[in-house]
There are 2 protein chains.
Amino acid sequence: MQLILLSGGSGKRLWPLSNNARSKQFLPLLEAPDGTMESMVQRVIRQVREAGLTSNITIATNASQHDIIVNQLGETVNIVTEPERRDTFPAIALATAYLTKKMNCPADEVVVVMPCDPYTETAYFRAISKMTEAVAGDKADLVLMGITPTYPSAKYGYVVPETGSAEVLQVKRFTEKPDVATAEKLLQENALWNGGVFGFKLGYMCRIIDQYLQTDTFEEFHARYSELPKISFDYEVAEKAQSVAVIPYTGKWKDLGTWNTLTEELSKNGIGNVILGDKNENTHVINELGIPVFCDGLKDVVVASSPDGILVCAKSASENIKTYVDKLSTRPMYEERRWGTYQVLDDTTFNDGYKALTKTITLNPGKNISYQIHHHRDEVWTFIDGEGLFVLDGEVCKVGRGDVVHIQKEHLHAVKALTKLTFIEVQSGDLLVEEDIERFPYDWGGR
Amino acid sequence: MQLILLSGGSGKRLWPLSNNARSKQFLPLLEAPDGTMESMVQRVIRQVREAGLTSNITIATNASQHDIIVNQLGETVNIVTEPERRDTFPAIALATAYLTKKMNCPADEVVVVMPCDPYTETAYFRAISKMTEAVAGDKADLVLMGITPTYPSAKYGYVVPETGSAEVLQVKRFTEKPDVATAEKLLQENALWNGGVFGFKLGYMCRIIDQYLQTDTFEEFHARYSELPKISFDYEVAEKAQSVAVIPYTGKWKDLGTWNTLTEELSKNGIGNVILGDKNENTHVINELGIPVFCDGLKDVVVASSPDGILVCAKSASENIKTYVDKLSTRPMYEERRWGTYQVLDDTTFNDGYKALTKTITLNPGKNISYQIHHHRDEVWTFIDGEGLFVLDGEVCKVGRGDVVHIQKEHLHAVKALTKLTFIEVQSGDLLVEEDIERFPYDWGGR
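In this text, all values refer to a predicted model and were calculated from it rather than measured experimentally.

Draft legend 1. Geometry of the overall build of chain A. Within chain A one finds 10 helices and 30 strands. Projecting the C-alpha coordinates of chain A onto the three principal axes gives extents of approximately 70 × 65 × 45 Å. Across chain A, the fraction of contacts at a sequence separation of at least 24, relative to all contacts at a separation of at least 6, is 66%. Counting 46 positive and 61 negative side-chain charges, chain A places the centres of these two groups 3 Å from one another.

Draft legend 2. Expanded view of the sheet that holds strand S24 (residues 377-385) of chain A. Residues and elements named next belong to chain A. A sheet is described by the order of its strands in space; here 6 strands give the open sequence S20-S21-S22-S29-S24-S27, paired in antiparallel fashion. For this open sheet the edge positions go to strand S20 (334-337) and strand S27 (404-407), each flanked by a neighbour on one side alone. On average, each strand axis in the sheet is inclined to that of its neighbour by 20°, with strand direction left out of account. With 8 bridges joining them, S24 and strand S29 (residues 421-429) adopt antiparallel strand pairing. Paired with Val380 across the two strands is Val426, which belongs to S29. Helix H2 (residues 63-73) rests against S20 and strand S21 (340-349) of the sheet, and its axis sits at about 70° to S20.

Draft legend 3. How the structure looks around the side chain of Thr422 of chain B. Mapping Thr422 of chain B onto the fold places it in strand S29 (residues 421-429). A relative accessible area of 8% means that Thr422 of chain B is categorised as buried. Beyond its immediate chain neighbours, meaning those up to four positions away, Thr422 of chain B contacts Phe350 of chain A together with Thr360, Ile361, Thr362, Thr382, Phe383, Ile384 and Asp385 of chain B.

Draft legend 4. Region of interest: the sheet that holds strand S19 (residues 309-314) of chain B. Taken in spatial order, the 6 strands line up as S15(A)-S17(A)-S19(B)-S18(B)-S16(B)-S14(B) in an open sheet, and their pairing is mixed. Edge positions in the open sheet fall to strand S15 (274-276) of chain A together with strand S14 (270-272) of chain B, since each of these has one partner strand only. Across the sheet, the axes of successive neighbouring strands diverge by a mean angle of 5°, strand direction being ignored.

Draft legend 5. Quick look at the interface of chain A and chain B. Listed per partner, the contact involves 52 residues of chain A and 52 residues of chain B. Taken together, the two surfaces of chain A and chain B that pack against each other cover about 4,300 Å², and 72% of this comes from carbon and sulfur. Across the pair Arg401 of chain A and Asp352 of chain B runs a salt bridge, and its minimum N-O distance is 2.8 Å. Linking chain A with chain B are 14 residue pairs in polar contact (both at pLDDT 80 or more), by the criterion used here. Split into classes, the residues belonging to the side of chain A that touches chain B amount to 32 nonpolar, 11 polar and 9 charged. As defined by bridge partners, strand S19 (residues 309-314) of chain A adjoins strand S17 (residues 293-296) of chain B across 4 bridges and the pair is classed as parallel. Pairing of Ile310 of chain A across the sheet is with Val293 of chain B, part of S17 of chain B.

Calculation criteria
Residues numbered from 1 in each chain as written. Chains lettered and ligands numbered in written order. Predicted model: local features only at pLDDT ≥ 70, side-chain atom pairs only at ≥ 80, totals over all residues. Heavy atoms only, no water. Helix = DSSP H or I, 4+ residues; strand = E, 2+ residues; numbered from the N terminus. Contact = heavy atoms within 4.5 Å. Lys, Arg positive; Asp, Glu negative; His and termini not counted. Charge placed at Lys NZ, Arg CZ, Asp CG, Glu CD. Pairing = 2+ DSSP bridges. Axes fitted to C-alpha atoms, helices over the stretch in contact; angles between N-to-C directions. Buried < 20%, exposed > 50% of the residue type's maximum accessible area, 1.4 Å probe, protein only. Buried area = accessible area lost by both parts, 1.4 Å probe. Salt bridge = Lys/Arg side-chain N within 4 Å of Asp/Glu carboxyl O. Polar contact = N/O pair within 3.5 Å; in protein donor to acceptor, adjacent residues only side chain to side chain. Nonpolar A, V, L, I, M, F, W, Y, C, P; charged D, E, K, R; others polar.

Written out as structure tokens, the structure reads:
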């Protein structure tokens, strides 16, 4: 069985902790059973493994999330990166093409597609296991998960099953986001919420894809991705399918996508360097900055701070922040990359347009920054911890604490961490953007 | 007439904006008539000048406030620095000795002593003018200002005058912080609050001081400062005086020493990079960080952020923060110095005790950092704006944008700004404290 996780979203509603480079599913705010902190996607992967579902996991995502996935999940998952953002049908098609054309999976292999961040319980993964059996046993071409509704919501799609008490129910019809009155009637018909979890055999999906795009290799499929229609999997596959079954799941099923819902699941009222006075009520404070946050006398408030900014908001008002966040967006101030992390410490533009940007950069052991040049900026690196190899215009030297290197524009440079390596970088020039980078191959020769 | 302003206090109750290096009176939060922002002490000095009181102003303060006073008030005021913190009598005695022994003021010169930060109106300075006249006219040895009380407060000292309707009333007795019931009786006697403003002739004060310390020069007086008793001016002078008069002042008289009182006088709800949603009520946000602060749905809350930390507090709870601030105190993260300002961007200690501290430093034009060595740290400076002269072990060179200097421990260095000069400093070593500095003379030779 192959599991495809869909990872997308910009997560503006969890500003300032989430941004385009760190969607909500990557925020390390949940407490794992061992007491460490984990992100939503780390929690789902842990739950998949604990349920013994499969170790064949492929994450379909976009380029901006590639590095953070590698950083959070290691290289134990496959990552398929969309060349551009389209919709769920093309994203699932790309992952399907990867499984057939790159991994050589057979046509009768069972595939389950799920979102990467639902906050659920063990029974959810048991339901996925039953979906797998139903697909393998040919109960239907497409098997999906139906969430037992807790109220007549107008914000979910509904799946109306045939009446019956079997574990696998045939689907009579779909209803997209109804009004509340319609939702109440749907509940009387035992309708279920569409959980966005789909099971099918690989060959079934391939036949649908073949109508749009047939290629010999995955690389060609990837290159011609824009030929796939911009349509959701629900519309293109689920609603057109001749034979659809649903397996119900009853239990916790939450989208921790707003501060209001996320804080309900936090194990502590203060995360990070936080001091709480004794007059707070139902207040949650998450501080990712080094400086302390002190709160007192607050009721039903969420405080969140990161290098991107500071949010102080009544929980009841926190669902509306999206409209303000566009005004607040700046360059990313913190990013997880495949090689480690960086944080912006200072970002100054002088009157004449000259800019200076100061970062602290940490490379994980064995990782390296690619051999590169910048056309618009100089960089000064002061190494403050760890050991590494630094290359400047082909000359390699060992660097460590107290060493300073001055990299002028148009000079080739790279650095590799031998141990966890930290340095302060001061960029300066007329144009300071992440895109001012030209990469070249470099052979570390086994170092 | 000579005006002595007393400037002290650590201002923990306005954390995180105030700290030991920046007491409440130096926070630039008030709006001046011309629309610019000014601090409490800048406001008082402006009011003194607008009232045409005097241009002979001496500020008595402690060493930690010396540089910020120079920075905020320029060199238009005299500054007398206590060698150690004692009490108001020795502080006023030191300023008196400065006026007699250094400025050669005559014994019949009128002196008025006042706090540096009361938030008042024009009439307050008219009352000071009347005090000056009363002292000059020998109405009493000591003339003080009585504030017309607005409620029977238990936190102020009271001055009980003889009955009468004269502008200058003789004082019958003093009562230190009474209970509320006593305060109510005092109000029936037309008692006034003691405003801490005192007028006297220089010779009068000199005779009192002579009982404790007689020196030929101000320098000797300064050196023997610890011989003066640790006692307040009220106890040592006012309560012992044979002839005391009071001049009443009726009008605004506030100590903007807590977030609750300070925010009442702010002209805007958001100061700095602040975005307010439309659901806030009576909420004030002051942001001294570069990153944005977004607030919504808050009622009666103050939010303040600075490089020292972030406060989010119900206004009603803000008077109690002092008890928590001791836990929050770190090294100063922002300081105004006589040469300019610095801000700490990052402060990291590694597992083995090695430290790195990154600052942005700005020198005002013409100012210099003293010629110095450090015994415990290396420094790397990357110049990002302006032009200056840099000295390393006696060698001078011109520096500007893009230049990098690496100053290793035990090497003499200095820098002088030709234009406003900004650089990023990365300090690293085993001990990173402001005190690790040894200063040497350096002759800039008119440069």
